[in-house]
Amino acid sequence: MKHSILTLILTVICVPLTAASENSDHTMASGSFGTAWRNNDGIVQVFDGESVVTPVPSIKTYALAAADVLEEGSDQLIFIDDARKGLNIYSFKTRKLLGPFGSNIKTLSTGRCSAKETYPSVLVCTFRGDSFRWTKEIMDKGWMALPGMFSQVSAGNLDRKNDLDEFAVVDNGGVYIYSTQWNAYTKAVEGKEMTAVLVGNVTDSPGDEMVMFDKSGNTFLYQDRTAEELHQKVKALAFGKNAGQTDTLYALDLSGKPVVYDRKTKSWKDLFTNNAFSCSSLIARTHPGGDGHTLYVVRADGNLYRIEKGVTKQLSEQLASKILLQSGDTSLAEYRFAGVPFKPYLDKLLTPSGRNILRDAPHDHLHHHGLMFALAVDGCNFWEESRSDHGREITVSVQPDPGTETSSLVSELDWKNSHSQTLLKETRKIAVSQGGNVTLLDWESALRPASGEKGAYLDKISHYYYGLGTRFDQTMDRNGRFFSDSGTNKAEVVRNDERLTSCRWMAYTAKLNGEPVTVAVFGHPSNPIPTLAFTMGDTGKSFAYLGITLNLHREPVTIEPGTSLVFRYRVAVWDGEVSPETVEKTFTDYAQ
């Protein structure tokens, strides 16, 4: 390793913040937002202490980290996409950091780069051996190229005599320690192909030690300038911090079995008697204030478990996150209700030939989820998902009711604000069928106040597009046309190509992957608010969007105690282009 001047060394070495935790295989991260992990599909899921959400359902990930790199006062989730092309920072919305590393990112780290810095940096290393640093405080518009290839960075009180911090890095299989006293690197371990190193207090002696493992999984405890083999092959390590006490060292053996190091007997013990409990990753989350920790593991099935005081609790269920709606053996739609960030939605609605017209959480509007329904209630925004004070539509129950010619579900939802207060209750019914050359989906939302004594105010802060919304597949953007029963000349231009149209139905024809499709949305005549269609994208300057808004930005509505408002809609999907006469006949059949 080439040594450099002090200022350059300090930019390379990153000191991890105690608020966030990392594991050695980069598949889990923990911070003030909760515990994050990659499921078996490569999608990030987060347990926030109460429920499991999927903040970015459209991006598969490769590595995770956590720190307050945006200087917001709380940690952000940082991840590399599966193509290893993009570094992303998630804090209720995703910010992509483009860098000079192309599709060549190997590792990801975070931490303060000197004791004088208030906020941490992001450090990435590439397969070419290049390293780059990004810090919002001083480098919000670019990356700094750094020497060295640091695949792991860890820090702690390794210099027990002088009570100084020392830093450990892995570089090309060797482990090096940087001394703040001498401003220099020394090689700790050589002749071994190390892949990871963590720093913590394993023994009763004062100060920290390093625990590391090589590419074969052999573990070593580095103490007093000597590496002692721990006689355990592992594929992941994690430290559990204990205030005023020795840290707990956890690991996954090569079979995925969780084990814990017993410092008194210098041996390893199984955490479970069930050998079938195989895990893919683990992390120890430090409690607020540093008073102990909780261990989290991800099993081979992709689900998260919490282990505390000998009790194991499953926190997620990957398989029960959606309901497939079908007619006979033919799939027609898919409804997602578990693990969603803020609101349940349909992420698939298929044409009769089986083509999906919907798009979920595109990077430009992560809160756009296929076919969705949301409003603003009592001052709380349930539509957008960019701030922590935005509301969540929580699924209380959902019951599929499949039939031979239709498939339907009934779901109860609590609309909760950021203080977990229920502002609105909803009974949602969705039914889908297929007849002839059209797929028909019926959506009904019955809204009622959460309290029998207090009504619910459908707020004026609702924008002109709040209501039932449809975000189309990307290939349907900028190549279609809208038409309605009222004619296009009656549209009100709101902004750019965004329009409001009073009508009975609104339709959109575009090419889906080169082949035309037609989508129409109907508002039922019995709805308490007349149909007002919101459209955008017919000028080809933006993405295509079609929704039915409730006009609350002009005329807010109060739902009185003991009453409810029921909104009914139908979405019709055809392969190919259809005429206004065909759409009108389909609407007439629905409205009868």
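Cut-offs applied
- Residues numbered from 1 in each chain as written.
- Predicted model: local features only at pLDDT ≥ 70, side-chain atom pairs only at ≥ 80, totals over all residues.
- Heavy atoms only, no water.
- 1 Å grid on protein atoms, 1.4 Å probe; cavity = no way out; pocket = protein on both sides within 12 Å on 5 of 7 lines; lining within 4 Å.
- Points joined across faces, edges and corners; volume = space filled by probe spheres on them.
- Helix = DSSP H or I, 4+ residues; strand = E, 2+ residues; numbered from the N terminus.
- Nonpolar A, V, L, I, M, F, W, Y, C, P; charged D, E, K, R; others polar.
- Salt bridge = Lys/Arg side-chain N within 4 Å of Asp/Glu carboxyl O.
- Buried < 20%, exposed > 50% of the residue type's maximum accessible area, 1.4 Å probe, protein only.
- Contact = heavy atoms within 4.5 Å.
- Polar contact = N/O pair within 3.5 Å; in protein donor to acceptor, adjacent residues only side chain to side chain.
- Expected span 1.5 Å × (residues − 1).
- Phe/Tyr/Trp six-rings, centres within 6.5 Å; stacked < 30°, edge-to-face > 60°.
- Lys NZ or Arg CZ within 6 Å of the ring centre and 35° of its normal.
- Pairing = 2+ DSSP bridges.
- Axes fitted to C-alpha atoms, helices over the stretch in contact; angles between N-to-C directions.

### Comments concerning empty space enclosed by the protein
Gaps between atoms show up when a probe of the same size as a water molecule is rolled over them.
Consideration 1: Under the defined criterion, the tally for this structure stands at one cavity of 30 Å³ or more.
Consideration 2: As for the largest cavity, its lining consists of Asn527, Ile529, Pro530, Thr531, Ile548, Thr549, Leu550, Phe567 and Tyr569.
Consideration 3: Elements with a contribution of two residues or more to the lining of the largest cavity: β47 (545-549) and β49 (565-575).
Consideration 4: Here the residues of the lining of the largest cavity sort into six nonpolar, three polar and no charged.

### Some thoughts on the pattern of salt bridges
Consideration 1: A complete count under the given rule lists 19 salt bridges for this structure.
Consideration 2: Residue Lys215 pairs with Glu193 through a salt bridge whose shortest N-O separation is 3.2 Å. In this pair, Lys215 is assigned in the loop between β19 (209-214) and β20 (218-223) and Glu193 in the loop between β17 (184-189) and β18 (194-200), connecting sequence segments 22 residues apart.
Consideration 3: For Glu412, the salt bridge identified is with Arg448, shortest N-O distance 3.4 Å. A residue pair is termed long-range when its members are at least 10 positions apart, and Glu412 in strand β36 (residues 406-416) and Arg448 in strand β38 (residues 438-449) qualify at 36 residues.

### A closer look at the environment of Asn479
Consideration 1: Tracing the chain through its elements places Asn479 in the loop between β40 (467-471) and β41 (481-484).
Consideration 2: Under the relative-accessibility criterion, Asn479 is labelled partly exposed at 37%.
Consideration 3: Spatially, the C-alpha atoms of Asn479 and Gly540 are 6.6 Å apart, while their sequence positions differ by 61 residues.
Consideration 4: Beyond its immediate chain neighbours, meaning those up to four positions away, Asn479 contacts Tyr508, Ala510 and Lys511.
Consideration 5: Among the polar contacts made by the side chain of Asn479, one reaches the main-chain carbonyl oxygen of Thr475 at a distance of 2.6 Å.

### Describing helix α3 (residues 580-591)
Residue pairs three or four apart in sequence face the same way in an α-helix, which turns once every 3.6 residues.
Consideration 1: Taking 1.5 Å as the rise per residue, α3 with 12 residues should run 16 Å; its terminal C-alpha atoms sit 16 Å apart, in good agreement.
Consideration 2: Its buried side turned inward, α3 meets β38, β41, β44 (505-512), β45 (515-523) and β49.

### Here we look at the packing of aromatic side chains
Consideration 1: Taken as a whole, this structure holds 16 aromatic pairs when the rule is applied.
Consideration 2: Between Phe382 and Trp415, the aromatic rings sit 5.0 Å apart at their centres with planes inclined by 55 degrees, giving tilted as the arrangement. Remark: Trp415 occurs in strand β36 and Phe382 occurs in the loop between β34 (380-381) and β35 (392-402); sequence separation between them is 33 residues.
Consideration 3: Owing to a relative accessible area of 0%, Trp415 belongs among the buried residues under this scheme.
Consideration 4: Each ring, one from Tyr464 and one from Phe534, has its centre 5.7 Å from the other, and the planes form 50 degrees; the classification is tilted. Residue Tyr464 is found in the loop between β39 (456-458) and β40, and its partner Phe534 is found in strand β46 (residues 532-536); the two are separated by 70 residues along the sequence.
Consideration 5: Across the ring face of Phe239, the terminal group of Lys241 is positioned such that the distance to the ring centre comes to 5.4 Å.

### As for the sheet that holds β19
Consideration 1: Ordered in space as β18-β19-β20-β21-β22-β23-β24, the seven strands form an open sheet in which the pairing is antiparallel. Looking at which strands have only one partner, the edges of the open sheet turn out to be β18 and β24 (267-270). Taken pair by pair, the neighbouring strands of this sheet meet at an average axis angle of 45 degrees, ignoring direction.
Consideration 2: Taken together, the three bridges between strand β22 (residues 248-253) and strand β23 (residues 258-262) define a ladder with antiparallel strand orientation. Bridge pairing in β23 links Leu252 to Pro258.

### A short note on unusual backbone geometry
Consideration 1: Here Ser420, not a glycine, exhibits a phi torsion of approximately 65 degrees, which is positive.
Consideration 2: Mapped onto the elements, Ser420 comes out in the loop between β36 and β37 (422-435).
Consideration 3: Using a relative accessible area of 38% as the deciding quantity, one classes Ser420 as partly exposed.
Consideration 4: Even without being a glycine, Asn496 presents a positive backbone phi close to 50 degrees.
Consideration 5: Tracing the backbone shows Asn496 in the loop between β42 (492-495) and β43 (498-502).

### Digging into the pairing of strand β10 (residues 105-111)
Consideration 1: In terms of burial, β10 is largely enclosed, as six of its seven residues are buried.
Consideration 2: Where β10 meets strand β11 (residues 121-126), six bridges bridge the pair, whose relative direction is antiparallel. Considered in β11, the bridge of Leu108 is made with Val124.

### Description of the sheet that holds strand β8 (residues 87-90)
Consideration 1: In spatial order, the strands read β6-β7-β8-β9; together these four strands make up an open sheet with antiparallel pairing. Each edge of the open sheet is held by one strand with a lone partner, namely β6 (61-67) and β9 (94-97). The mean inter-strand angle of the sheet, taken between neighbouring strand axes irrespective of direction, is 25 degrees.

### Observations regarding the pairing of strand β21 (residues 226-240)
Consideration 1: Relative to β21, β20 runs antiparallel, the two sharing five bridges. Bridging across to β21, Tyr222 finds its partner in Ala227.
Consideration 2: Where β20 folds back on β21, the antiparallel hairpin that results is connected by two residues, among which Asp224 adopts a positive phi of roughly 55 degrees.
Consideration 3: Where β21 and β22 come together, six bridges link them in antiparallel fashion. Paired with Phe239 across the strands is Leu249, a residue of β22.

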